Structures are given as structure tokens and as C-alpha cells.
Amino acid sequence: MMWSIYLNVVVQGVLTGLVYGLMALGLSVIFGVVRVVNFAHGEFAVVAMYAAFLLFSSLGLDPLVTMLPIAAAFFVLGFALQATLINPFVGRPEHDQFILLVGLGIVIVNGLLMIFGPDARAANLPYAFDSYLIGPLIIDKVRVYSAVAAVAIAAALFAFFRHTGTGTAIRACADNLTGAAVIGLNVKRLYAITFGIGLACVGAAGALMVTIADAAPSLGPAYTLLGFIIVIVGGLGSMTGALVGGILIGVSEALAGFVIAPSMKSMFSFALLIAVLVLRPRGLMGRGA
Amino acid sequence: MIELWRELPPRARGLLLAFAAALVAAPLVADRYLLSILTLIFYFAFVGQAWNLMMGYAGQLSLGHALYVGIGAYVAAVLWIHFGIGPWLGVIPAIVIAAAFGAVVGGLGFRFGVEGVYFALLTIAAAEFTRIAFDHLAFTGGSGGLFLPYEERRLGEWWNLRGGQLLFYYVALALAAGGVALAARLARSRLGFQWRAVREDEAAARALGVDVFRAKMAAVLLSSAMTAVGGVFYAFYYNSLFPAQIFDIGRSIELILGPIVGGLGTVFGPVVGAFILTPLGEGLIAITAQFGLDAPGLKAVFYGLILMAIISFRPNGVWPWLARMIGVAGRAP
């Protein structure tokens, strides 16, 4: 029956990976369009986790529901951030952008530390330990719900970029910035919308994350790195790449955690990142530079 | 060295001498606490200088320099604990091994064309990978840490870096001064000019006949070797090493703050940055402690805000501006 254990681990990895993928999707969208690397990405995810946790513990609201208002609030936050703080950095050297966002990440994660303390906070959902039995598979309900929600949001985002005027305009900015400016697109506003969308993804992902992990400030840098590993494995700037990368990392971490030791699971992710950077710098699904 | 000294404007020479004399004489008047702050400043000035070689001159952003601090610290500590080899000898293998790590990171990065953000991520990945590896390395105590024993009888052995605050103060001062001299020397060397050419425009540098790969490798090797010396100092000063602390990305970030605030690619930038940041951070802790507040994240929040402010409003750092203000801006780097 050994194979069924592995199958369980893999399925669990895929489900968790889809939530990771949604978080990484935000990072990828921002980089693909604005060409700014959001080095405070994981920190924003943890802010969303705390928001969902607080709404659940004080008002009893389910994170699967509060995900939507949190995502909306994060959209506004992202729009405002890009319009004020980050926009002057568009076009400046990469390391300048990097340093700005590293600074922002430090402020966020230590702000959380000051407010909430270092302890992990768990949202104990009433159905946290329920599971579905499908043949040999035992699947956590919360993971199924959050994975479905992540896929739904990603699908909505794909539809937005494919079928709406704003979405098309944003893609135009990503493909040919000069051209987009020439035909009269308001690039600054579109960048702000894109950053807002990126943060909305991370807001929703963070809310979902609360159902499968405990919120703690120290998760911030870890999730940022996780996001980077995923988008680089998948290809920075590629949307499908982010989801595929999320699944890949989710499965490899679950397997490594099961086969070797949970504390060593991220070592494999870093090894994978190094290998991909060196051998396939544009990622498995990335477009050319 | 002497030409470098002659190139300084007379006023800068005077100020530098007065400043150096004040620091050498400081232990006569300063108490233990003040000396510990100054020691910390010198340490950050030194490792900041090391990082600046790579980023400030050669333009290669490393966000994983904690790797070289950690390797240097662990190599020297293991040699001391298990083999009784003192730090003056142990610093050599520490340098060699850290530089070998630097060679791997640089070799992978530069040979395979990993650039910009991707290179920065490669350096983070290498540091994090090593951190987790050391967490599981039983030989060095794993995540439980490695401790240099406290031995009463050895306290006077200054040649083995066993001693009190005063000893470490002067060692750190020597490191910081040596760092400045080395950086000034390198900045004026052929290699230093090649680095700046690579930083400004790699393709143009290559067209002029600069061996770009070699120049970048020299930067990462020198930088990692120098950082490892800082790591040896760290090990003997603090006497305890934990992978989760020493290899942490937060350490890498802390180390790069000084040069960024002081001024990337300047010889005195890392020193000025360390002199600004460390007292502010420590002062902040002291003040909040006075009010009975224990806010563990406050110093870091403050550092983060400074980082954002500097990069937004004064991306060239404080030193170029300060140098003009005190009238030493001359031709000095």
C-alpha cells in the first residue's frame, strides 16, 4: 500500500501548490508588466493571513469568504503603492527597486512582529480536520476548498487579461511599452492597476493560506523566497508558469518533507532554483528576455 | 599607498588623521558600552566594505553575503574547538573555503549569464541552501549551535583572540582601517577601473578588451575572502554560532545597509553608513528600553524606513553629499 501513501502526499502537494501558485501569480503579473520585482511579496501574503485570521477570530468570518474583501482591499493598497512609492522607480536600476522593496518588506514583517509578537496564530476552522475519502485517498477538505478557490481566481484573472479592454491594454504595456504610450494608453494608471491586481492575488492567496498554515511574521521572507522559486521555475512573467511552478514546488516540498525530513524540504526548492537559474534562466515556461 | 595619501586634499588628510587618532584614543575615555557600539560599527564598516567591492564597484548585487560570514566563522570556530588551531592561522583556511564558495556562486552565475535580479536570487539561494545544510550538519552542532568554550586560563591569550572588549575594539578598528586601505588601493588599480567599466556597461567593457568574466570573478573572490575575515572576527567575538542566525537573509540585508546608506562605490561610504546606522539602531533600542518598552521589531522597522528613504531621495548615499559639505570632495574616491 506504499504507493497510496505517496499518492496522498502528491495530491496534497498539488492542492497546496495551487495556493502557492496563486500567490506567485501576483509576483509574476507585476514583474511581467511593471518590470519591478516585488521583493516584499511574501510579506504582503502574511499581512493577508493576519487579516483573515483576525476577521475569523473576532467576527467568526470564514477565510474562504473574507478572501474577497481582503483581495479588494489589497487591490486598493497595491494601486496606491504603485502610484506613490514605486512609480518613481520604474526604469531605475534593478538593484534600486530591489532595495526599496526589501526595505518595505523589512518594515512590514517587523511591524507585524511588533503588533502580534513572534508566535504563530492558528485559525481553527470548524471543518479543519474534515476530509474526503476517495478510494485510497484521504484529502483534507480545507485544501480542496482553497485549491478550488485559487484556481477560480486564477481563471478569472486569465479571462480578465484575455477579454476585457483594460486587460488587453495591460498586455499591450507588457509587450511594447513605447507602442502602448504612443497609442495613448495611460501607462502609469495601468501599472498601478497591475500592481493592484498582483497584490489582490497575494491577498486572496494569503487568506487561503490561513486555512492550511498558521500565521507568523517570520513566514514573510520565507514566502517571498518561495514565490521567487516558483516564478523562476515557471518562468518570470508567465502566468501559466506560475501555476505550474506552484504545483511543482508544492509536490516536491511535500515529497521531500515526507521522504527525508520536513525541515529539509526547502533545501530542495533552493537546489531546484539554483539549477533552473543556471540551466534555464528564463524558466520552464518563460518567454525570451 | 603613499600616492593615494598624497592625492587626498590637505583638509581631508587632516580630518582623516584627527579621526583616526580619536578612534585610537577612544578607549581612554569611553566606557565598555560605547566601545562595544564602536566595535560593532567597525565590524559593519569592514564587511560593508567587502560587499561594496562586489556591488559598488563591479555592480554585482549579492544578497547572500551572510554565506561568507557564516563559512568564515564556522571554519575558524571548528579549527579552534576541534584542533586547537588559533584564529590567526585559522583565518587562512576560512578565507580559502569562503572564497571557494564565492567561486562556485560567481562561477555558476557569471559563466551561465545569470544577471541582475536573477544573480541576486542565486546568491540568496546559495546562502539559504547552506543555512539548511548547516542546520543538519551534526559535526558543527546542527541547529543547536556551535559554541567556543569560555576558558578562564586563556583569557589573556590576545594572540588567540581570547580577551575582553578592549582587544576586540582594536582588532575591529584594524580591520575597518585595513578595509578602507584595501578598498582605496583596489579602487585605483587596473582591476578597480575594469570593475567600474563592467558596472557601467558590460558590452562596452568587453569591446574595450576587458575580460569581464575574470573581472567579476576577482570581485566575488576578493569580496567573499574579505567577508570571511569578518566572519572569523564574529565567531571569536560572540563565541556562539547558530545557522539560523548567521546565515539568515536578514544578516545579508543588515550587512548591505551601511554601504547603501553611506554611498555605493565609494571608499568611505561603508564607514560613514556604519557610523550612521549602528548608533541610531542601538540608540533606538536604548531609548525604548528606558520607557520600559520591549519592541523586538522596532530597530528593523527603522532600518527598513531608512533604506526606503535613502534609496528614494538620495540613491547615491550620504557620503558624496557629506564630502562636499565638509569640503573634502576633491579627487578622492
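Residues numbered from 1 in each chain as written. Chains lettered and ligands numbered in written order. Predicted model: local features only at pLDDT ≥ 70, side-chain atom pairs only at ≥ 80, totals over all residues.

**Digging into the overall build of chain A**
Next, step 1: Across its full length, chain A holds 11 helices and 2 strands.
Next, step 2: Scanning chain A from its N terminus toward the C terminus, one meets helices and strands in the order α-α-α-α-β-β-α-α-α-α-α-α-α.
Next, step 3: Taking 2.2 N^0.38 as the reference for a compact globule, 289 residues should give roughly 19 Å; the C-alpha atoms of chain A span a radius of gyration of 19 Å, in line with that estimate.
Next, step 4: Here chain A, with 289 residues, has 53% of them falling under the buried criterion.
Next, step 5: Intrachain contacts of chain A at a sequence separation of at least 6 include 80% that bridge at least 24 residues. (Helix = DSSP H or I, 4+ residues; strand = E, 2+ residues; numbered from the N terminus. Rg over C-alpha atoms; globule rule 2.2 N^0.38 Å. Buried ≥ 20, exposed ≤ 12 C-beta atoms within 10 Å, placed from the backbone. Contact = placed C-beta atoms within 7 Å.)

**Structural notes on the overall build of chain B**
Next, step 1: Across its full length, chain B carries 15 helices and 2 strands.
Next, step 2: Oriented by its inertia axes, the alpha-carbon framework of chain B measures out at about 60 × 45 × 40 Å.
Next, step 3: Residue burial in chain B is summarised as follows: out of 333 residues, 49% are buried.

**Observations concerning the interface of chain A and chain B**
Next, step 1: Each partner contributes to the interface: chain A provides 31 residues, whereas chain B provides 37 residues.
Next, step 2: Listed by contribution, the elements that provide at least two residues to the side of chain A that touches chain B are helix 4 (94-116), helix 9 (219-234) and helix 11 (265-279) of chain A.
Next, step 3: Per element, the largest residue contribution to the side of chain A that touches chain B is 15 residues, and it comes from helix 4 of chain A.
Next, step 4: Within the side of chain A that touches chain B, the residues separate by chemical class into 23 nonpolar, 6 polar and 2 charged. (Nonpolar A, V, L, I, M, F, W, Y, C, P; charged D, E, K, R; others polar.)

**Details of the nonpolar core**
If you look at soluble globular proteins, the nonpolar side chains tend to sit buried side by side.
Next, step 1: Among the nonpolar cores identified, the biggest contains 211 residues, and Leu22(A), Ala48(A), Ala52(A), Cys201(A), Ala204(A), Ala205(A) and Leu121(B) are the most heavily contacted of them.
Next, step 2: Here this core gets 17 residues from one element, more than from any other, and that element is helix 8 (residues 187-212) of chain A.
Next, step 3: When sequence neighbours within four positions are dropped, the list of residues in contact with Cys201(A) reads Leu22(A), Met23(A), Leu25(A), Gly26(A), Val29(A) and Ile153(A). (Core = buried A, V, L, I, M, F, W, Y, C linked by C-beta atoms within 7 Å.)

**Considerations on the packing of helix 3 (residues 32-57) of chain B against helix 7 (residues 165-187) of chain B**
Residues and elements named next belong to chain B.
Next, step 1: Between helix 3 and helix 7, whose axes approach to 8 Å, the crossing angle comes to 25°. The pairing of helix 3 with helix 7 is recorded here as roughly parallel in orientation. In this structure, helix 3 meets helix 7 at a crossing whose hand is left-handed.
Next, step 2: Residue classes in the contact of helix 3 with helix 7 are distributed as 19 nonpolar, 6 polar and 1 charged. (Axes fitted to C-alpha atoms, helices over the stretch in contact; angles between N-to-C directions. Parallel < 35°, antiparallel > 145°, perpendicular 65-115°, else oblique. Left-handed = near helix turned anticlockwise from the far one by under 90°.)

**As for the environment of Val233(A)**
All names here are of chain A.
Next, step 1: When you line up the elements, Val233 lands in helix 9.
Next, step 2: Take Val233: there are 28 C-beta atoms within 10 Å of it, and that puts it in the buried class.
Next, step 3: For Val233 and Ser269, which are 36 residues apart along the polypeptide, the C-alpha to C-alpha distance reads 9.6 Å.

**Looking at the pairing of strand 2 (residues 137-140) of chain A**
Residue and element names in this part refer to chain A.
Next, step 1: In this sheet, strand 2 lies alongside strand 1 (residues 131-134) in antiparallel orientation, the contact comprising 4 bridges. Residue pairing for strand 2: Ile134 is matched across the bridge by Leu137.
Next, step 2: Remark: 2 residues form the turn of the hairpin made by strand 1 and strand 2, two consecutive strands paired antiparallel; Gly135 in that turn has positive phi of roughly 55°. (Pairing = 2+ DSSP bridges.)

**Here we look at unusual backbone geometry**
Next, step 1: Positive phi, normally seen in glycine, also occurs at Arg35(A), with a value near 60°.
Next, step 2: Position of Arg35(A) relative to the elements: it lies in the loop between helix 1 (2-34) and helix 2 (41-59).
Next, step 3: By C-beta crowding, Arg35(A) is classed as partly exposed, having 16 other C-beta atoms within 10 Å.
Next, step 4: For Asn239(B), which is not a glycine, the phi torsion comes out positive at approximately 65°.

**Details of the confidence of the model for chain B**
All names here are of chain B.
Next, step 1: Per-residue pLDDT for chain B averages 88, and the proportion of residues at 70 or more is 96%.
Next, step 2: Of all the helices and strands in chain B, helix 1 (residues 2-7) carries the lowest mean pLDDT, 71, while helix 10 (residues 212-238) carries the highest, 95.
Next, step 3: Predicted complex metrics record ipTM = 0.83 and pTM = 0.88. (pLDDT = per-residue confidence, 0-100.)

**Quick word on the environment of Leu173(B)**
Next, step 1: Examined against the element boundaries, Leu173(B) turns out to sit in helix 7.
Next, step 2: As for Leu173(B) and Phe42(B), which are separated by 131 residues in sequence, their C-alpha atoms are 5.7 Å apart.

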